[in-house]
Amino acid sequence: MALLYKSDPVRGARWKALFAQHAPDIEFRQWPDIGDPNDIRYLLAWQPPENIMESLPSLEVLFATSAGVDQFDFDALPPQLPLVRMLDPAIESGMIEYATFATLWLHRRMGDYVRQQREGQWQAHMLVPAAQRRIGILGLGQLGSTIASHLAGYGFAVSGWARSSRQVQNVACYHGEAALDEFLACSDILICVLPLTDATRGILNRGLFARLPEGAALINIGRGEHLVEPDLTQALDDGHLSAAVMDVLGEEPPADDHPFWRDERILLTPHVAAMTQPDSAFPVLLDNLRRHQRGEPMIGRVDPQRGY
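Just so it is clear, the model here is predicted, and its values are computed rather than measured.

Draft legend 1. Spatial organisation of the sheet that holds strand β12 (residues 266–268). With parallel pairing, the seven strands of this open sheet are ordered in space as β8-β7-β6-β9-β10-β11-β12. In this open sheet, the two strands that pair with only one neighbour each are β8 (172–175) and β12. Across this sheet, the average inter-strand angle for adjacent strands is 15°, counted without regard to direction. Here four bridges tie strand β9 (residues 189–192) to strand β10 (residues 216–220), and the two strands are oriented parallel to one another. Opposite Leu190, over in β10, you have Leu218 as the bridge partner. Against the sheet, helix α3 (residues 89–107) makes contact with β6 (134–138), β9, β10, β11 (241–246) and β12, and its axis sits at roughly 155° relative to β11, the strand it touches most. Each of β10, β11 and β12 is contacted by helix α8 (residues 229–238), which is oriented at about 145° to β11, the strand it contacts most.

Draft legend 2. View of the side chain of Gln71. Checked against the element boundaries, Gln71 lands in the loop between β4 (61–64) and β5 (83–84). Classification of Gln71 as buried rests on a relative accessible area of 14%. Among the polar contacts made by the side chain of Gln71, one reaches the main-chain carbonyl oxygen of Trp46 at a distance of 3.2 Å. Filtering out sequence-adjacent residues up to four positions away, Gln71 remains in contact with Trp46, Gln47, Ser66 and Arg223.

Draft legend 3. Structural view of the sheet that holds β4. Strands sit in the order β2-β1-β3-β4-β5 across an open sheet of five strands; the sheet is parallel. Two strands lie at the open edges of the sheet, namely β2 (27–30) and β5, each paired on one side alone. Pairing analysis gives four bridges linking strand β1 (residues 2–6) to β2, with the strands arranged parallel. From the neighbouring strand, Tyr5 faces β2, where its bridge partner is Gln30. Contacts between helix α1 (residues 9–22) and the sheet are confined to β1, β2 and β3 (40–45), with β2 contributing the most and set at about 170° to the helix.

Draft legend 4. Local environment of the nonpolar core. Among the nonpolar cores identified, the biggest contains 50 residues, and Trp15, Phe19, Ile137 and Ile221 are the most heavily contacted of them. Once you skip the residues sitting within four places of it in the chain, Ile221 turns out to touch Met95, Tyr98, Ala99, Ile147, Ile191, Cys192, Val193, Asp247 and Ala273.

Draft legend 5. Spotlight on helix α5 (residues 142–152). Where α5 is concerned, the buried positions are Gly144, Ser145, Thr146, Ile147, Ala148, Leu151 and Ala152. Its buried side turned inward, α5 meets α3, β6, β7 (157–162) and β9.

Draft legend 6. Quick look at the packing of α3 against α5. Taken N-terminus to C-terminus, the directions of α3 and α5 make an angle of 45°; their axes are 10 Å apart at the nearest point. Between α3 and α5, the crossing angle belongs to the class labelled oblique. α3 and α5 meet at a crossing whose hand is right-handed. Across the interface between the two elements, Glu92, Met95, Ile96, Ala99, Thr100 and Thr103 from α3 touch Gln142, Leu143, Thr146, Ile147, His150 and Leu151 from α5. When its residues are assigned to classes, the contact of α3 with α5 shows six nonpolar, five polar and one charged.

Draft legend 7. Inspection of α1 at higher detail. For α1, which comprises 14 residues, the first-to-last C-alpha distance of 20 Å matches the rise-based estimate of 20 Å (1.5 Å per residue) to within 8%. Listing the buried residues of α1 in full gives Gly12, Trp15, Leu18 and Phe19. For α1, the angular spread of the buried residues around the axis is 120°, confining them to a single face. Exposed residues lying more than 90 degrees from the buried face of α1 are Val10, Ala13, Lys16, Ala20 and Gln21. Buried residues along α1 sit against β1, β2, β3 and α9 (278–294).

Draft legend 8. Examining the pairing of β7 more closely. In terms of burial, β7 is a largely internal element, five of the six residues being buried. Once the chain exits β6 it traverses α5 before rejoining the sheet at β7, and the crossover so formed is right-handed. Examined bridge by bridge, β7 and β8 share four bridges and lie parallel to one another. If you follow Ala162 over to β8, its bridge partner there is His175.

Draft legend 9. Structural detail: the packing of aromatic side chains. With the rule as written, the count across this model stands at nine aromatic pairs. Residues Tyr42 and Phe63 carry aromatic rings whose centres are separated by 6.2 Å and whose planes lie at 50° to one another, so their mutual orientation is tilted. Highlighted residues: Tyr42 in strand β3 and Phe63 in strand β4, separated in sequence by 21 residues. Take Tyr42: its relative accessible area is 1%, and that puts it in the buried class. A residue is classified by how much of its surface remains accessible, and Phe63, at 2% relative accessible area, is buried. Aromatic pair Tyr98 and Phe101: ring centres 5.6 Å apart, planes at 75°, arrangement edge-to-face.

What counts as what
- Residues numbered from 1 in each chain as written.
- Predicted model: local features only at pLDDT ≥ 70, side-chain atom pairs only at ≥ 80, totals over all residues.
- Heavy atoms only, no water.
- Pairing = 2+ DSSP bridges.
- Helix = DSSP H or I, 4+ residues; strand = E, 2+ residues; numbered from the N terminus.
- Axes fitted to C-alpha atoms, helices over the stretch in contact; angles between N-to-C directions.
- Contact = heavy atoms within 4.5 Å.
- Buried < 20%, exposed > 50% of the residue type's maximum accessible area, 1.4 Å probe, protein only.
- Polar contact = N/O pair within 3.5 Å; in protein donor to acceptor, adjacent residues only side chain to side chain.
- Core = buried A, V, L, I, M, F, W, Y, C linked by side-chain atoms within 4.5 Å.
- Parallel < 35°, antiparallel > 145°, perpendicular 65-115°, else oblique.
- Left-handed = near helix turned anticlockwise from the far one by under 90°.
- Nonpolar A, V, L, I, M, F, W, Y, C, P; charged D, E, K, R; others polar.
- Expected span 1.5 Å × (residues − 1).
- Arc of directions from axis to C-beta.
- Right-handed = clockwise from strand over helix to strand, strands pointing away.
- Phe/Tyr/Trp six-rings, centres within 6.5 Å; stacked < 30°, edge-to-face > 60°.

Now the structure itself:
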């Protein structure tokens, strides 16, 4: 019985060591050295090979190396093959850290101070108390709810929106299309942590930006395809939005002539908000492997109809 790993080879070496130490009964193989494909029962991958069941005829479970699974073409996956997303606690802690950093960067106007330093300008700006800064979390799943609770601890006025009803302590929760306008109107800093689905693709667009307060700022740590990039530039040029922090883009890395590279109103980072760490992810993965071997439900199994 073997598990095939198809992702970053550097981290693959650590995965291999962990399996050797803690699960020697599961042979670890690393793409493209798959050996006899009939031995492979599990695949741990960022993206699977084409014609997956022809390449791996004995495959029983596909594990994603990421918390998000929008990189998978669900139409190309056999409907009977379980897809399980990665539930690495390091992903959640990394996203909380990044969301906090980005919120404080915008709240304390660090972009303005960086620009002023470059220009040799010494000028203080009025400090807005955290209680007067309204933070909106677009997406109140496990990750969004945790980020919302964490930011509320700084004294921010935090609200959140989801498609269905949620309750988060110290967070004003909105749900459904009918409540979206009210939620957006009280979001001085909007943080997108939505999953990428057909319904959320392109949701960060001109129409949504127009419903935010004038001077609002945007943080996207969801997926690049959530954003209509020219609409963000236009909203910044119009002055309706003041700044943005972008960790994800539709094309990564962006082209050399992409306007975000040189836009001082945008802080651009290379998809680093969180990364799967083998040492923290391994216990969760191994638990799911043992669950599958015992015939028990696996944690984090994806519903293809919902896309997450």
